[in-house]
Amino acid sequence: MSLLVVGLSHRSAPVSVLERAALSADAQVKLVQDTVAAEPATEAAVLATCNRIELYADVDKFHAGVAELSTLLAQHSGVGLEELTPYLYVHYEDRAVHHLFSVACGLDSMVVGEGQILGQIKDSLARAQELHSVGKLLNDLFQQALRVGKRAHSETGIDRAGQSLVTFGLEQLAAGGDVLDWAAGRTALVIGAGSMSSLAAATLARAGVAEIVVANRTFERAERLVRILTEGDDTAVTARAVEMAAVPGELTRADVVVSCTGATGLVLTADMVAQAVEGRTGAPAAEIADPARTADASRTGDTSRAGAAAKAPLPSAGADENCPLDLAAAQPGFSVMGEAAVAGMDAATLEQHAAWAATGAVDRRERRSPETDAGLISALAATAATVGRIPERRRPEPVAERPAPFLFLLDLAMPRDIDAAAHRLAGVRLVDIESLAEASADAPMAADVDQVRRIVSDEVAAFGAAQRAAHITPTVVALRTMAADVVAGEIARLDGRLPDLDERQRGEIRQAVHRVVDKLLHAPTVRVKQLAAEPGGAGYADALRTLFDLDPETVAAVSRAVDSTDEKDRPA
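As a starting point, this report considers the structure included with it.

## What to know about the overall build of the chain
And then number 1: For the chain, the helix and strand inventory stands at 23 helices and 10 strands.
And then number 2: The burial tally for the chain puts 47% of its 572 residues in the buried class.
And then number 3: A sequence separation of at least 24 residues applies to 71% of the contacts in the chain between residues at least 6 apart.
And then number 4: A total accessible area of about 27,100 Å² is found for the chain, and carbon and sulfur atoms account for 53% of it.

Written out as structure tokens, the structure is:
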């Protein structure tokens, strides 16, 4: 097994990078095709969700495989390789298996324990099977991942550790209140009719909204979702389908909007949301400055969505000659020694800042100890020296008080469907993937998570043992085939030398010879399978081929026959 995964997720990359790297359905297909066409890979599959992009492959060379997969991800995502590389993670062989099993169980999800990832893994496998880009390794891996995920949900309370991204998003919209009380009687607009939008519509219906309007580019799919909502017995919601052209008008009527489409551009601009607010209130939408979001948008270059934003002060010679920051420009409540202060500094400047912090010459507004921040900044300096940069962070500046919202927007798309600038409109509350990631970082973990981790570890060990044992099977079969050929040749020679033997005598001799060969081979072949299943046991197949001078082509032919049989017996 030479399993390799290269990817990025909400754990390794900021949402702005994930958003730019998001792959359309066509791009995913092309990425898989180009991967299997590349020299190091023989199998490939892509797992792309709203918060992860991962490329799985069976490769014959590790370093060449990492280089090729990274390059292909960069090419098809449209993000330059130099920019993308710091955010990529690589897992190989057993670590890659452990990663996918953890993903399948919801341990690596933005909301721990959510179960929607299982459907996404199933879709990823189905797409790869349609493209004929997966063989025995990835078929076995993905199918086992689905079984492990189902086992985790059935044997533990991992579902209590988290919930679907939709439910978590609605809880954020309700701002800590009861979702059922918050949703009761409201009108909801769901934009999109895919799996996530369907889940959102069903969740809203169960939460007690009075009406759901579904808009989709393909009107028939919107109608089908409406039928599903209205034909169920567990809700009494009113639902109707509309064309996408009707969205601006429906936006004026809606209390809650959930959007999750595959569009590459914005579905709801800030102007559209402002017009909807004006339509509801009869007055122009007021704008509330949000320094945290606008500064973040400026650093990512997203000025078209966030509007003009003042950039953070650049480090310069400050009031203290040993501090590289402009201390006079620091706003009240902003830590001049925290992570936001050192965002974007190079390694040399970070070292200067760390030396200044270590002297204890700190602003008295600081509540954190000099020792704590000095250690943090030193660690960041080491990071910068290694990767050449420091990830940018949001600047913790005070946010103006907002009036109570009356229009709630939930954006579950990647790239985003709703203009981030809508957050600054009075009366509007916007929750998107980025804010969900921040909120989920502090979510409590259930004790069941530890049990799921043990399940994952056991399943990884079992999968590895099965793969290693399967690897030696063709060699064992080839050995027994060779032994059978030797027996057949010797029996034929004996028939020529002793033509007077009757059939009963010949049968006894054949059985005796076969028994001797079987007994001689039984213990070695059973033991070699056991040894091969252990970590590092791959070399036993090579040893067996060398000791018995087995023809490599015979072993390969047996292996192809075994794979063909497995493919025929594999459920669709």
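## Thoughts on the nonpolar core
And then number 1: The biggest cluster of nonpolar side chains holds 68 residues, and the ones touching the most others in it are L165, W182, L204, I212 and L412.
And then number 2: Top element by residues in this core is helix α11 (residues 195-207). It accounts for 6 residues.
And then number 3: Core analysis: the next-biggest nonpolar cluster, separate from the first, contains 35 residues, A96, I117, I121 and F142 among them.

## Overview of the pattern of salt bridges
Two side chains of opposite charge can pair, provided their charged atoms sit close to one another.
And then number 1: Counted according to the given criterion, the structure contains 22 salt bridges.
And then number 2: Of the charged contacts in the structure, one is a salt bridge between R416 and E19, with a shortest N-O distance of 2.7 Å. Here R416, found in the loop between β9 (407-411) and β10 (428-431), pairs with E19, found in helix α1 (residues 15-21); they are 397 residues apart in sequence, far enough to count as distant.
And then number 3: R416 sits in the buried class, given a relative accessible area of 8%.
And then number 4: A relative accessible area of 10% places E19 in the buried class.

## Let's talk about the sheet that holds β10
And then number 1: With respect to topology, 6 strands assemble into an open sheet ordered β7-β6-β5-β8-β9-β10, the strand pairing being parallel. With one partner strand each, in any of the chains shown, β7 (238-242) and β10 form the two edges of the open sheet. The mean angle between the axes of side-by-side strands here comes to 15 degrees, regardless of whether they run parallel or antiparallel.
And then number 2: Relative to β7, strand β6 (residues 211-215) runs parallel, the two being bridged by 5 bridges. Residue A215 lies in a different strand from β7, and its bridge partner there is V242.
And then number 3: Its contacts with the sheet place helix α9 (residues 165-173) against β8 (256-259), β9 and β10, and it is angled at close to 150 degrees to β9.
And then number 4: Strands β5 (187-191), β6 and β8 of the sheet are contacted by α11, whose axis makes an angle of about 170 degrees with β5.

## Remarks on the pairing of β5
And then number 1: Of all 5 residues making up β5, 5 are buried, and the element is well covered by its neighbours.
And then number 2: Judged by which residues are buried, β5 turns out to be covered on both faces: T187, L189 and I191 on one side and A188 and V190 on the other are all buried.
And then number 3: Looking at chain direction, β5 and β6 are connected through 5 bridges and run parallel. Residue pairing for β6: L189 is matched across the bridge by V213.
And then number 4: A crossover connection joins β5 to the parallel β6 through α11; in handedness this β-α-β unit is right-handed.
And then number 5: Relative to β8, β5 runs parallel, the two being bridged by 4 bridges. The residue bridging A188 from the neighbouring strand is V256, located in β8.

Quick notes on the rules
Residues numbered from 1 in each chain as written. Predicted model: local features only at pLDDT ≥ 70, side-chain atom pairs only at ≥ 80, totals over all residues. Heavy atoms only, no water. Helix = DSSP H or I, 4+ residues; strand = E, 2+ residues; numbered from the N terminus. Buried < 20%, exposed > 50% of the residue type's maximum accessible area, 1.4 Å probe, protein only. Contact = heavy atoms within 4.5 Å. Areas by Shrake-Rupley, 256 points an atom, 1.4 Å probe, with all protein chains shown as cover. Core = buried A, V, L, I, M, F, W, Y, C linked by side-chain atoms within 4.5 Å. Salt bridge = Lys/Arg side-chain N within 4 Å of Asp/Glu carboxyl O. Pairing = 2+ DSSP bridges. Axes fitted to C-alpha atoms, helices over the stretch in contact; angles between N-to-C directions. Right-handed = clockwise from strand over helix to strand, strands pointing away.

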